[in-house]
Amino acid sequence: GTPGIECRVGPNPGNHQVVITFPVPVTVNGGVTVTPGPNGSASTDPTTPFTVNNTQVTVNLTNVSNAQTLTINLLSVNGSNNVSVPMSVLAGDTTADAAVNSADVSQTKSQSGQFVGLTNFREDVNTDGNLNSADISLVKSKSGTALP
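Residues numbered from 1 in each chain as written. Predicted model: local features only at pLDDT ≥ 70, side-chain atom pairs only at ≥ 80, totals over all residues. Heavy atoms only, no water.

**As for the overall build of the chain**
Scanning the chain from terminus to terminus reveals two helices and eight strands. When the helices and strands of the chain are listed from N to C terminus, the series reads β-β-β-β-β-β-β-β-α-α. A globule of 148 residues ought to have a C-alpha radius of gyration of about 15 Å, and the chain, at 16 Å, matches this closely. Expressed along its principal axes, the backbone C-alpha trace of the chain runs to roughly 50 × 30 × 30 Å. Split into buried and exposed, the 148 residues of the chain put 36% on the buried side. Put simply, of all contacts in the chain between residues at least 6 apart along the chain, 62% involve residues at least 24 apart. For the chain, the accessible surface area stands at approximately 7,700 Å², while carbon and sulfur atoms represent 51% of it. The averaged location of the 9 negative side-chain charges in the chain is 6 Å from the averaged location of its 5 positive side-chain charges. (Helix = DSSP H or I, 4+ residues; strand = E, 2+ residues; numbered from the N terminus. Rg over C-alpha atoms; globule rule 2.2 N^0.38 Å. Buried < 20%, exposed > 50% of the residue type's maximum accessible area, 1.4 Å probe, protein only. Contact = heavy atoms within 4.5 Å. Areas by Shrake-Rupley, 256 points an atom, 1.4 Å probe, with all protein chains shown as cover. Lys, Arg positive; Asp, Glu negative; His and termini not counted. Charge placed at Lys NZ, Arg CZ, Asp CG, Glu CD.)

**Thoughts on the pattern of salt bridges**
Inspection of every chain in the model, using the stated rule, returns one salt bridge. Of the charged contacts, one joins Arg8 and Glu6 as a salt bridge, the two residues approaching to 2.8 Å between their closest N and O atoms. For Glu6, a relative accessible area of 19% corresponds to the buried category. (Salt bridge = Lys/Arg side-chain N within 4 Å of Asp/Glu carboxyl O.)

**Considerations on the nonpolar core**
By size, the foremost hydrophobic cluster in this structure holds 18 residues, and its most contacted members are Val59, Leu61, Leu70, Ile72 and Leu74. No other element matches the four residues that strand S7 (residues 68–77) contributes to this core. The residues touching Leu74, leaving out its near neighbours within four places in the chain, are Ile20, Phe22, Val28, Gly31, Val32, Val57, Val59, Asn81, Asn82 and Val83. Counting residues in each nonpolar core, the second largest holds ten residues, with Cys7, Val100, Val139 and Leu147 among its members. (Core = buried A, V, L, I, M, F, W, Y, C linked by side-chain atoms within 4.5 Å.)

**Regarding the sheet that holds strand S8 (residues 81–89)**
Overall, mixed pairing links the four strands, which are arranged S1-S8-S7-S3 in an open sheet. The outermost strands of the open sheet, each flanked by one partner alone, are strand S1 (4–6) and strand S3 (28–35). Taking each pair of neighbouring strands and ignoring which way they run, the sheet shows an average axis angle of 30°. The pairing of S3 with S7 spans six bridges and is antiparallel. (Pairing = 2+ DSSP bridges. Axes fitted to C-alpha atoms, helices over the stretch in contact; angles between N-to-C directions.)

Structure (structure tokens):
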């Protein structure tokens, strides 16, 4: 399917934690690799690259560059199949339309001063738990970037 777009930038830019949920318990016997996009970079955290807990696989990514679609590869899931999960990264793309523009700025402005919740967490682009001018500034600074 179409990859989700991560629009947020945490306190350690380039680091992301991805949680992949399966309908049944899984094992990942062959490890995890990351295939970056043609102009991007990404790798798994060498200290804690991934964990498996029943139906969830948590993958810690480092060195993820902006404006790319990468692929997280789970190798030998339940002893046989590989599972590939695409993920796009585009800081500031709160509308998830693959481009940062005035629509993202407007959407973020409209949430300024609100509590962060399930319907507006994407506008908290700096992930500090507040929707304010810092988020608007970050989105404005990324305006004009897009996924290839």
